[in-house]
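# Coordinate analysis (summary)
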Amino acid sequence: MDKKSAALYKKMQAEFKAYQNLQKSCVKMVKQREMLESQLNENKWVLDELNLLGPDNKVYKLFGPVMVKQELEESRQNVGKRMEYISKELKSCTDTLENMEKDMLKHQESVAKYQQQCQVAAAMQ
């Protein structure tokens with residue numbers, strides 16, 4: 001293998017390694033997004049349940065090993081704020097995932113380009 005072919009092969013390996021690393025990060029990000037979606041759905045369910053309660057119902061919050069009485073409206077606000085936070089995190093996660101997928105596509109195209117150049121270089125020898 002001549003110097004040009006070796007250099008092309010090294011570039012191709014580097015691009016492929018970057019692609020693999022992005023793939024691993026993507027898998028982690030997908031798992032995180034699934035967890036956030038699950039938490040958001042759970043909180044929606046809790047808010048729906050809280051909205052079914054009347055003003056004379058009591059709400060308790062688990063605070064460590066103790067159940068503490070909490071105002072109904074305060075509970076609704078807390079769940080609403082939690083849902084807002086989770087929604088923002090979910091959007092951020094989705095945006096990051098989209099950018100990672102675009103980067104993966106670029107690396108994939110680069111690998112294909114370097115493979116083609118290596119084949120051409122090998123055929124010329």
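Residues numbered from 1 in each chain as written. Predicted model: local features only at pLDDT ≥ 70, side-chain atom pairs only at ≥ 80, totals over all residues. Heavy atoms only, no water.

The name an unreviewed UniProt entry assigns to the protein is Probable prefoldin subunit 6, from the organism Drosophila mauritiana. Checking UniProt for the protein, the heading Sequence similarities (unreviewed entry) contains the comment "Belongs to the prefoldin subunit beta family." Quoted verbatim from the Subunit (unreviewed entry) heading of the UniProt record, the comment on the protein is "Heterohexamer of two PFD-alpha type and four PFD-beta type subunits." (UniProt positions renumbered as here; feature names shortened; annotations may be inferred.)

### As for the packing of aromatic side chains
Within this structure, the stated rule accounts for one aromatic pair. Over the ring of Tyr114 we find Lys113; its NZ or CZ atom is 5.0 Å from the centre of that ring. (Phe/Tyr/Trp six-rings, centres within 6.5 Å; stacked < 30°, edge-to-face > 60°. Lys NZ or Arg CZ within 6 Å of the ring centre and 35° of its normal.)

### Quick look at a nonpolar patch on the surface
Residues Tyr60, Leu62 and Met67 make up a contiguous nonpolar surface patch of about 350 Å² in total accessible area. Note that Tyr60 resides in strand E1 (residues 59-63). (Patch = residues over 30% accessible without salt bridge, like charges linked within 9 Å, V, L, I, M, F, W, Y side chains within 5 Å. Areas by Shrake-Rupley, 256 points an atom, 1.4 Å probe, with all protein chains shown as cover. Salt bridge = Lys/Arg side-chain N within 4 Å of Asp/Glu carboxyl O. Helix = DSSP H or I, 4+ residues; strand = E, 2+ residues; numbered from the N terminus.)

### Quick word on the layout of surface pockets
A volume near 170 Å³ is recorded for the largest pocket. Around the largest pocket sit Val46, Leu50, Val59, Tyr60, Lys61, Leu62, Gln70, Ser75, Asn78, Val79 and Arg82, which together line it. (1 Å grid on protein atoms, 1.4 Å probe; cavity = no way out; pocket = protein on both sides within 12 Å on 5 of 7 lines; lining within 4 Å. Points joined across faces, edges and corners; volume = space filled by probe spheres on them.)

### Some remarks on the pattern of salt bridges
Within this structure, the stated rule accounts for two salt bridges. A salt bridge links Arg76 to Glu73; the nearest nitrogen and oxygen atoms lie 3.5 Å apart. Here Arg76 pairs with Glu73, and both are found in helix H2 (residues 72-124), just three residues apart, close to one helical turn.

### Focus: the UniProt feature "coiled-coil region" (unreviewed entry) in the protein
Those places that UniProt annotates as "coiled-coil region" (unreviewed entry) correspond, in this numbering, to residues 83-117. Secondary structure content for residues 83-117 is 100% helix and 0% strand, and the end C-alpha separation is 51 Å.

### A word on the side chain of His107
Relative to the elements of secondary structure, His107 occurs in helix H2. For His107, the side chain forms a polar contact with the side chain of Glu15, separated by 2.6 Å. (Polar contact = N/O pair within 3.5 Å; in protein donor to acceptor, adjacent residues only side chain to side chain.)

### What to know about the packing of helix H1 (residues 3-52) against H2
Packing of H1 against H2 brings their axes to within 7 Å, and their N-to-C directions diverge by 160 degrees. Considering the angle they form, H1 stands roughly antiparallel to H2. H1 and H2 meet at a crossing whose hand is left-handed. A per-class count over the contact of H1 with H2 returns 28 nonpolar, 16 polar and 10 charged. (Axes fitted to C-alpha atoms, helices over the stretch in contact; angles between N-to-C directions. Parallel < 35°, antiparallel > 145°, perpendicular 65-115°, else oblique. Left-handed = near helix turned anticlockwise from the far one by under 90°. Nonpolar A, V, L, I, M, F, W, Y, C, P; charged D, E, K, R; others polar.)

### A short note on the pairing of strand E2 (residues 66-70)
In this sheet, E2 lies alongside E1 in antiparallel orientation, the contact comprising five bridges. Residue Lys61 lies in a different strand from E2, and its bridge partner there is Val68. (Pairing = 2+ DSSP bridges.)

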